[in-house]
Amino acid sequence: MKVLVIGGGAREHALCRSLSLDPDVTALHCAPGNAGIAEVAELHTVDAVDGAAVADLAQRLEADLVVVGPEAPLVAGVADAVRERGVPVFGPSAQAAVLEGSKAFAKDVMAAAGVPTARSYLCTTPAEIDAALDAFGAPYVVKDDGLAAGKGVVVTEDVETARAHALACDRVVIEEFLDGPEVSLFAVTDGETVVPLQPAQDFKRAHDADEGPNTGGMGAYSPLPWADPKLVDEVLRTVLQPTVDELRRRGTPFSGLLYAGLAITSRGVRVIEFNARFGDPETQVVLARLRTPLSVLLHAAATGTLAALPPLRWSDDAAVTVVVASHNYPGTPRTGDPIGGLTEVAEQDAPGAYVLHAGTKKDAATGEVVSAGGRVLSVTATGTDLAAARERAYRALGRITLDGSHHRTDIAARAAGES
């Protein structure tokens, strides 16, 4: 099949890499893509949130499947526009994507479906904000109701920091703090059947030992050796299937990737948030372990035939990804810095380790690959266990040069028994 991927980050590079290795994919396109994706797919210029433009491109390419990566195009209705042209698309409708686009809507769906989550208040005035902060106490959890590219959440012991973030949002959800480790679990669904993928854990804080501000994610690993083997089945039964069933009952069926951010608390599993697309950087490690051809899975979801799909096949290997971020990230990043070492990784570390591009582009004057965003690269590796995957990832990362960049050195260390 001919596949068109929409987006230009490391998540889309991971998707494109898996699709490029898929024997069923005869042509692979990406819009707008990045410098790394250009090595495995034909790039096209398009406004990713312009549904008509994306649908035109899909028809022009005679695409058999369109995969919408980021959340903004989904909330903007890009999947609807493509679907209306009769092209199979992996990604929920704009109405269903509100599950990510509004924290308050997600809470309402969870309440109706009986899905376990944190108690919360939706606040729109300073008085409501103060009352909610006072009701829950520290640590304070404050979430922008709308899309914020993974950086709309503040968790803090300081009430003034919490209040300042809340006041900067039009609508804000303030909720109780959930103790325990966090887990990301993706599920592919066609609106009825739900197929969970393997769980992963990501690292949100900018610096080692979970210090520093929240980011879009600084690394991830899979599998989770410490997790209950029954976790996936439990989350499918208590979270994923009830949520999909509730959205279908409301007349807004959810077809695509349902991402549950979970806290494994002392009182059981609780949902922290839902996303309506593959998460970054967890996608990098989950797809590194998937052995079922990706195009077959995504096409089945897009065409309502997931129930007929055989059980997914997975590698026993572990996978680790480490994000290389530009100077000052998650603040305003410095861009345009040359990136070195990419050829060395490809020549000396592949196929066990490889680089997925996030914020990169080719410099028009020099032809060099340069930084073009906050999170620049995801260095991803597999191994027989987490320790082996970690060693490979950091050895490959050691070949990368990017002036002023930073990365965490402790991704998967505790899970690998190294700290």
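Residue positions are given per chain, counted from 1 along the sequence in the order it is written. At least 70 in pLDDT is required for a residue's local features to be given in this predicted model, at least 80 for side-chain atom pairs to be given and counted, and no such filter applies to totals for whole chains, interfaces and linings, which use all residues. Note that water and hydrogens are dropped before the side-chain values are worked out from all heavy atoms of the structure.

Considering the overall build of the protein
Keep this limit in mind: Helical segments are the DSSP runs of H or I of at least four residues, strand segments are the runs of E of at least two, and each set is numbered from the N terminus. With C-alpha atoms as the basis for the radius of gyration, the globule rule is written as 2.2 Å multiplied by the number of residues raised to the power 0.38. A 1.4 Å probe rolled over the protein chains alone gives each residue an accessible area, and that area as a share of the maximum for its type sets the label: buried under 20%, exposed over 50%, partly exposed in between. Contacts: residue pairs with any heavy atoms within 4.5 Å of one another. Each accessible area is a Shrake-Rupley result for a 1.4 Å probe, and residues are judged covered by the shown protein chains and nothing else. We score Asp and Glu as negative and Lys and Arg as positive, and we do not count His or the chain ends. In plain terms, the charge of a residue is placed at NZ if it is Lys, CZ if Arg, CG if Asp and CD if Glu.
When helices and strands are counted, the protein shows 13 helices and 24 strands. A compact globule built from 419 residues would reach a C-alpha radius of gyration of about 22 Å, and the protein, at 20 Å, matches this within 12%. Expressed as lengths along the three principal axes of its C-alpha atoms, the size of the protein is roughly 55 × 45 × 45 Å. Taken across its 419 residues, the protein has 56% of its residues classed as buried. Within the protein, contacts between residues at least 6 apart in sequence are counted, and of these 69% link residues at least 24 apart. Of the accessible surface of the protein, which amounts to about 16500 Å², a share of 50% is contributed by carbon and sulfur atoms. Taking the average place of the 36 positive charges on the side chains of the protein and the average place of its 55 negative ones, the gap between the two points comes to 2 Å.

Observations regarding empty space enclosed by the protein
What counts, and what does not: Throughout, the protein atoms alone are placed on a 1 Å grid, and a set of points is a cavity if a 1.4 Å probe fits but cannot get out or a pocket if it is open with protein on both sides within 12 Å along at least five of seven lines; lining residues have an atom within 4 Å of a point. Grid points are joined across faces, edges and corners, and a volume is the space filled by probe spheres set on the points. Lys, Arg, Asp and Glu make up the charged group, whereas Ala, Val, Leu, Ile, Met, Phe, Trp, Tyr, Cys and Pro make up the nonpolar group; the residues left over, Gly among them, are polar.
Enumeration according to the criterion identifies 3 cavities of 30 Å³ or more in this entry. By volume, the largest cavity amounts to about 50 Å³. In this structure, the largest cavity is lined by Lys103, Ala106, Lys107, Met110, Lys143, Glu175, Ile272, Glu273 and Phe274. Those elements that provide at least two residues to the lining of the largest cavity are α6 (103-113) and β17 (268-275). By residue number, the principal contributor to the lining of the largest cavity is α6, which donates 4 residues. Taken together, the residues of the lining of the largest cavity break down into 4 nonpolar, no polar and 5 charged.

That's the geometry; what it means functionally is another story.
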